[in-house]
Amino acid sequence: MNLLMMFVAAIFVQNYVLYYFLGICPFLGVSKKIDSAVSMGMAVTFVMTITAVVSWMINHWILIPYKLDYLQIVAFILVIASLVQLVEMFIRKISPPLYQALGIYLPLITTNCAIMGLALLASLKNFSFLETVIYGTGSGLGFTLAIVLMAGIREQLDLADVPEPLKGAGIALIVAGIMALAFTGFSGMIN
Amino acid sequence: MDVLLPILTMAVLGFLFSVGLAVAYQKLKVEEDPRMVAVSESLPQANCGACGYSGCRAFAEKVIKGDAPANGCPVGGSETAARIADILGVEAGEMVRRVARLHCRGDREAAKNRGRYLGLTTCYASHLVGGNKQCSYGCLGFGDCVRVCLFDALHMDENGLPVVNEDNCTACGMCVDACPRNLFELHPIDQNVLVYCRSLDRGPAAKKACKNACIACGICSRACPEGIEIKDNLAIIRDYKKIEPEQIPALEKCPTDSIGRFHKSDEG
């Protein structure tokens, strides 16, 4: 039950984009079309889950036993960078159009603070292995949810009569703000 | 030891990850046609879409498949075409440069004015109220085309007609779109015969409005029935390649000087 709670909380309540304000760059950059937003969400979910697992292993099997936890950030960057490279090669092999659509934002997952934040938060909260896996997947799905919702809204916005000064990034940021407000409504679900 | 341990740990971790990536790279390597890279490199990479495909990459794919001609990139010109043809081992095909040409000779001396035009000094505004000249097909002379030209290929001459500097013209088509009377057309640079009129008025009316108007007398179409025809009171060049060089002097008998050799310097 606790795990389920945690999963739901990672998706809705402590959503990485709308609660922690992490990973805003792809959230605004790849949210113009729903299909590329879904793919981006999948890629981030994959990287988040594997990062959570691998960084937990490194943290608990190497860094903590040898009292090297000050190396956390460097070690996690290593994990994330390698994983993103892997995902990039994979997507390029499977779907070149998707590779083109994600463009620069794919390698930029490396520097996506949501993923670094996940690895660091998971170690800060002292999660067990299973909790880390659930937390990683949930956070990734939360990111996917946020970016897909945003893409849906922005596809509608393309047809709307937006005032001249707010066109483009302006209205996108306003929408993001309103979405974040809406998501605070979930905060009563857990303590 | 305290220093060595972190260094060693990171080195081992880094080594493990790089081995993993190297293995993954071998498994997931994308075989790309080497011609694809070569063709892409010889394209301008402007992704302008002038070839009719969605970008340089799409064009390169089509060229390699053989669906697009090697000279399909108008921006790169014949140089790019030759390079692509070289890579693919096909004929480049001839690529004739095109230039914009004005189909009017109704300058201030030749064309009569309807009255005094005091409105906005743009062709577009003048055209909205029917123009300042008697001829309702001819050049209005306010230079909308000169203003849109990005390549410094157009200027107004002393008689109020735009002149194309063919060395600078890139056939971008801005002037073609800008002219409210549609007097510009893009022609292959080797086309040397041109009808300098777009007037569909009947002969006497056309002649009254402008000394250089085509009156559809038919001298040119009789001299060269293959290449020139008269349609709607106007001579039209159907196919300039069918006009033989020895027929050109006959065209210059045009009573209103509205058809003729393009480069006056070619004469003689």
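Up top is the structure.
For clarity, every value in this text was computed on a predicted model and none was experimentally measured.

Criteria and thresholds
Residues numbered from 1 in each chain as written. Chains lettered and ligands numbered in written order. Predicted model: local features only at pLDDT ≥ 70, side-chain atom pairs only at ≥ 80, totals over all residues. Heavy atoms only, no water. Helix = DSSP H or I, 4+ residues; strand = E, 2+ residues; numbered from the N terminus. Buried < 20%, exposed > 50% of the residue type's maximum accessible area, 1.4 Å probe, protein only. Areas by Shrake-Rupley, 256 points an atom, 1.4 Å probe, with all protein chains shown as cover. Pairing = 2+ DSSP bridges. Expected span 1.5 Å × (residues − 1). Contact = heavy atoms within 4.5 Å. Phe/Tyr/Trp six-rings, centres within 6.5 Å; stacked < 30°, edge-to-face > 60°. Buried area = accessible area lost by both parts, 1.4 Å probe. Salt bridge = Lys/Arg side-chain N within 4 Å of Asp/Glu carboxyl O. Polar contact = N/O pair within 3.5 Å; in protein donor to acceptor, adjacent residues only side chain to side chain. Patch = residues over 30% accessible without salt bridge, like charges linked within 9 Å, V, L, I, M, F, W, Y side chains within 5 Å.

From N to C terminus, chain B includes 10 helices and 8 strands. Looking at chain B as a whole, 38% of its 268 residues are labelled buried. On chain B, roughly 15,300 Å² of surface is accessible, and the fraction owed to carbon and sulfur atoms is 53%.

All names here are of chain B. Sheet topology places strand β6 (residues 228-231) next to strand β7 (residues 234-237); 4 bridges connect them, and they run antiparallel. Opposite Lys 231, over in β7, you have Leu 234 as the bridge partner. Here β6 hands over to β7 after 2 residues, with Asp 232 in that stretch at a positive phi of 50 degrees.

Turning our eyes to something else, we now look at helix α8 (residues 169-183) of chain A. Residues and elements named next belong to chain A. With 15 residues, α8 should reach 21 Å at 1.5 Å per residue; the first-to-last C-alpha distance of 21 Å fits that figure. Within α8, the full set of buried residues consists of Ile 171, Ala 172, Val 175, Ala 176, Met 179, Ala 180 and Phe 183. Of the surrounding elements, those touching the buried residues of α8 are α1 (2-13), α2 (24-29) and α7 (129-157).

For the rest of this paragraph, the subject is the packing of aromatic side chains. Two numbers describe a pair of aromatic rings. These are the distance of the centres and the angle of the planes. Within this structure, the stated rule accounts for 10 aromatic pairs over all chains. Each residue in the set Tyr16(A), Tyr19(A), Tyr20(A), Phe127(A) and Tyr135(A) is aromatic and connected to the rest through ring pairs, giving one cluster.

Once that is clear, we can look at the interface of chain A and chain B. Listed as interface residues are 19 residues of chain A and, on the opposing side, 15 residues of chain B. Both faces considered, chain A and chain B share a buried interface measuring about 1,500 Å² in area, 85% of it formed by carbon and sulfur atoms. Counting the surface chain A buries against chain B, the share from its top three residues, Leu78(A), Met89(A) and Lys93(A), is 32%. At the boundary of chain A with chain B, the tally comes to 0 salt bridges. At the junction of chain A with chain B, the criterion picks out 0 residue pairs in polar contact (both at pLDDT 80 or more). With 11 residues, helix α4 (residues 72-94) of chain A is the largest single contributor of residues to the side of chain A that touches chain B.

Moving on, we come to the pattern of salt bridges. Residues and elements named next belong to chain B. Counted according to the given criterion, the structure contains 8 salt bridges over all chains. Among the salt bridges present, the one from Arg 83 reaches Glu 79, with a minimum N-O distance of 3.3 Å. Here the residue Arg 83 and the residue Glu 79 both occupy positions in helix α4 (residues 77-88), the gap between them amounting to 4 residues, near one helical turn. For Glu 185, the salt bridge goes to Arg 198, with nearest N and O atoms at 2.4 Å. Highlighted residues: Glu 185 in strand β4 (residues 184-188) and Arg 198 in the loop between β5 (193-195) and α8 (203-209), separated in sequence by 13 residues. By relative accessible area, which is 33% here, Glu 185 ends up partly exposed. A relative accessible area of 23% means that Arg 198 is categorised as partly exposed.

Our focus in this paragraph is a nonpolar patch on the surface. Residues and elements named next belong to chain B. Taken together, the side chains of Leu 8, Val 12, Phe 15, Leu 16, Val 19 and Val 23 make up a nonpolar region of the molecular surface, amounting to roughly 570 Å² of accessible area. Secondary-structure assignment places Val 23 in helix α1 (residues 4-28). Owing to a relative accessible area of 47%, Val 23 belongs among the partly exposed residues under this scheme.

Such coordinate-based values are descriptive only and should not be taken to indicate function.
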